[in-house]
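# Structural overview
Okay, here's what each chain looks like letter by letter:
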Amino acid sequence: MTRKYFGTDGVRGRVGQSPITPDFVMRLGYSAGKVLVAHGADHGHPKTGERPAVLIGKDTRISGYMLEAALEAGFSAAGVDVCLVGPMPTPAVAYLTRALRLQAGIVISASHNPYYDNGIKFFSAHGTKLDDELEAEIEAGIDAPLVCVQSAELGRARRIDDAAGRYIEFCKSTFPNDRDLRGLKIVVDCAHGAAYHIAPHVFHELGAEVVAIGAEPNGLNINKDVGATAPKALSKAVLEHQADLGIALDGDADRLMMVDAAGTVYDGDQLLLAVVRSRLRQGAVAGVVGTLMTNLAFEHVLAELRVPFARAAVGDRYVLELLREKNWLYGGENSGHILCLDKHTTGDGIVSALQVLTALCEEGGDLAALLGRLVLYPQLLINVPLVKGFPWKDHPLIVSVLQEVESALLGEGRVLLRASGTEPLLRVMVEGRDAAKVQAAAEKLATAVRDAVSS
């Protein structure tokens, strides 16, 4: 489906540049409001004729104030009520939209990107990513004239003051009632993002001694040298405070990385396996979804455990789509998006951390012990500049070298060529059991791509 504005996770870009401008975001809100009104009870309206209402949350970027006001104006002009919750994790907006029986949830966030980027993403009344068809309908109306409803029909806005408390209780409910975190000292890195006032409370209220870092947002420091995309800060803090564990979230708190007492970082593949092994001890696991970037060792361990595995395209949206298609519950990305659909409708960094902690409480030991025989294979990623429109998939030199490289790995490795969706780059990824072979293969293939492009 060709899109003009929407990407795989809503609309995103540099603030002040199209499409992340106040006038565009107001028209986006207006178009989304008109679509919600038109669909009425089909998409969650409580009663026929009752005015629809949406929830708007945001992360801690300074541009969130501006974009929130623009969205509110657009929805109001379309006759849609707005509930404002201020800084709130993306998965919290998904939960609250469902819990409050609203028609949609909107998050103003660019996730793990720097502060000067921002974006808008939507959740349905059921707390899931908005259907492609509805997003396409919203997009089709963005460039239409904005015609305000009659004054008596304008949407109203109100703040939900207890939103944080509601979400904290929801997160705690995903942890066993007969367990607690007493005796654990945990460093929680909030990436100066949306969970700064939520995540530390969740783990503290479950009994842990909590040291919070990355919990002083100023509008400009979100994800800057902290959080799931910069876990060295967490490793350092765990060692300094002699903590048992570290938990790192990203700016909108849907990604998770963890660190053990020795400062070792565990990524999404490793943490997902810890959750899956824990669920296996409770019963069968129908299957697990990863992505094209999921480490090959993860797939091999699942095969040993006799758990079916499938790969989706990169992006938690695609992981969720494949999980639904197969009617499975668990999936994720090595970047830290982990989906446990028995606990939440979307990826949630705090909830995922609690599932790992549940496994630790039940099994004892440490994170390494939870992984069993998983040792991640060496993986090398090289980004090669690409001319827009270059036919890399069919280029004879690239095809020839790709075949040579795959033959050299002898079935003990994997090669992935993937064009970036946001930059003019071809991502060359090679992984396998032998680090030297992986490096040689990746460099050989990257050289071939450069030579092909330059010729």
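Structure: see above.
Please read all numbers here as calculations on a predicted model, not as lab measurements.

### Looking at the overall build of the protein chain
- Counting its secondary structure elements, the protein chain contains 14 helices and 18 strands.
- Scaling as 2.2 N^0.38, a compact globule of 455 residues should have a C-alpha radius of gyration of about 23 Å, and the protein chain matches this with 23 Å.
- Along the longest, intermediate and shortest principal axes, the C-alpha atoms of the protein chain span 70 × 60 × 40 Å.
- Of all 455 residues assigned to the protein chain, the portion counted as buried reaches 56%.
- Pairs at least 24 apart in sequence give 70% of the contacts found in the protein chain among residues at least 6 apart.
- Put simply, the protein chain shows about 19200 Å² of open surface, and 51% of that area lies on carbon and sulfur atoms.
- For the protein chain, the separation between the mean place of its 45 positive charges and that of its 55 negative charges on side chains is 1 Å.

### Looking at the nonpolar core
- Of all hydrophobic cores here, the largest spans 70 residues; its most connected members are Phe203, Ile350 and Leu357.
- The leading source of residues in this core is helix 11 (residues 349-363), at eight residues.
- In terms of nonpolar packing, the next biggest core, distinct from the first, is built from 31 residues, Phe24, Leu130, Leu134 and Ile138 among them.

### Description of the packing of aromatic side chains
- Across all of its chains, the model carries six aromatic pairs by this definition.
- The rings of Tyr95, Tyr167 and Phe170 are connected pair by pair, giving a single aromatic cluster.
- The lysine or arginine in question, Lys58, covers the ring of Tyr65, its NZ or CZ lying 3.9 Å from the ring centre.

### Looking at helix 14 (residues 435-454)
- Here helix 14 contains 20 residues, and its C-alpha end-to-end distance of 29 Å stays within 8% of the 28 Å for a straight helix at 1.5 Å per residue.
- Of the positions making up helix 14, those classed as buried are Val438, Ala441, Ala442, Leu445, Ala446, Ala448, Val449 and Ala452. Take helix 14 and look down its axis: the buried residues cluster within an arc of 155 degrees, on one side only. More than 90 degrees from the buried face of helix 14, the exposed residues found are Ala436 and Ser454.
- Against strand 16 (379-385), helix 13 (396-409), strand 17 (413-419) and strand 18 (425-432) lie the buried residues of helix 14.
- Two to three positions downstream of the cap, the backbone nitrogen of Ala436 sits 2.9 Å from a side-chain oxygen, assigning the N-cap of helix 14 to Asp434.

### Section: helix 4 (residues 132-141)
- When helix 4 is considered as a whole, its buried residues turn out to be Leu134, Glu135, Ile138 and Glu139. Angularly, the buried residues of helix 4 cover 140 degrees about the axis, an arc narrow enough to put them on a single face. Exposed and oriented more than 90 degrees from the buried face of helix 4 are Glu133 and Ala140.

### Remarks on the sheet that holds strand 8 (residues 209-213)
- Read from one edge of the open sheet, five strands run 8-7-9-10-11, paired in mixed fashion. At either end of the open sheet lies a strand with only one pairing partner, and these are strand 8 and strand 11 (265-266).
- Sheet strands touched by helix 8 (residues 268-282): strand 10 (256-260) and strand 11. Its angle to strand 10, the strand with the most contacts, is close to 80 degrees.

### What to know about the environment of Leu96
- Along the chain, Leu96 falls in helix 3 (residues 90-99).
- Residue Leu96 is classed as buried on the basis of its relative accessible area, which comes to 1%.
- As for Leu96 and Val107, which are separated by eleven residues in sequence, their C-alpha atoms are 12 Å apart.
- Setting aside anything within four residues of it in sequence, one finds Leu96 in contact with Leu55, Met88, Ala163 and Arg166.

### Looking at a nonpolar patch on the surface
- On the surface, a nonpolar cluster with roughly 510 Å² of combined accessible area is contributed by Ile62, Tyr65, Tyr115, Tyr116 and Leu220.
- Mapped onto the elements, Tyr65 comes out in helix 2 (residues 63-77).

### Examining the layout of surface pockets
- Within this model, the second largest pocket holds a volume of roughly 250 Å³.
- Lining the second largest pocket we find 14 residues, and of these Ala228, Thr229, Pro231, Met257 and Ser335 sit closest to its centre.
- Among the residues forming the lining of the second largest pocket, the class breakdown is six nonpolar, six polar and two charged.

### Quick notes on the packing of helix 8 against helix 11
- Following both chains from N to C, one finds helix 8 and helix 11 inclined at 55 degrees, their axes separated by 9 Å at the closest point. In terms of orientation, helix 8 and helix 11 fall into the oblique class. In this structure, the crossing between helix 8 and helix 11 has a hand that is left-handed. Residues Leu271, Ala274, Val275, Ser278, Arg279, Arg281 and Gln282 of helix 8 form the contact with helix 11, whose participating residues are Gln355, Val356, Ala359, Glu362 and Glu363.
- In terms of residue class, the contact of helix 8 with helix 11 is built from five nonpolar, three polar and four charged.

Rules and cut-offs
Residues numbered from 1 in each chain as written. Predicted model: local features only at pLDDT ≥ 70, side-chain atom pairs only at ≥ 80, totals over all residues. Heavy atoms only, no water. Helix = DSSP H or I, 4+ residues; strand = E, 2+ residues; numbered from the N terminus. Rg over C-alpha atoms; globule rule 2.2 N^0.38 Å. Buried < 20%, exposed > 50% of the residue type's maximum accessible area, 1.4 Å probe, protein only. Contact = heavy atoms within 4.5 Å. Areas by Shrake-Rupley, 256 points an atom, 1.4 Å probe, with all protein chains shown as cover. Lys, Arg positive; Asp, Glu negative; His and termini not counted. Charge placed at Lys NZ, Arg CZ, Asp CG, Glu CD. Core = buried A, V, L, I, M, F, W, Y, C linked by side-chain atoms within 4.5 Å. Phe/Tyr/Trp six-rings, centres within 6.5 Å; stacked < 30°, edge-to-face > 60°. Lys NZ or Arg CZ within 6 Å of the ring centre and 35° of its normal. Expected span 1.5 Å × (residues − 1). Arc of directions from axis to C-beta. Polar contact = N/O pair within 3.5 Å; in protein donor to acceptor, adjacent residues only side chain to side chain. Pairing = 2+ DSSP bridges. Axes fitted to C-alpha atoms, helices over the stretch in contact; angles between N-to-C directions. Patch = residues over 30% accessible without salt bridge, like charges linked within 9 Å, V, L, I, M, F, W, Y side chains within 5 Å. Salt bridge = Lys/Arg side-chain N within 4 Å of Asp/Glu carboxyl O. 1 Å grid on protein atoms, 1.4 Å probe; cavity = no way out; pocket = protein on both sides within 12 Å on 5 of 7 lines; lining within 4 Å. Points joined across faces, edges and corners; volume = space filled by probe spheres on them. Nonpolar A, V, L, I, M, F, W, Y, C, P; charged D, E, K, R; others polar. Parallel < 35°, antiparallel > 145°, perpendicular 65-115°, else oblique. Left-handed = near helix turned anticlockwise from the far one by under 90°.

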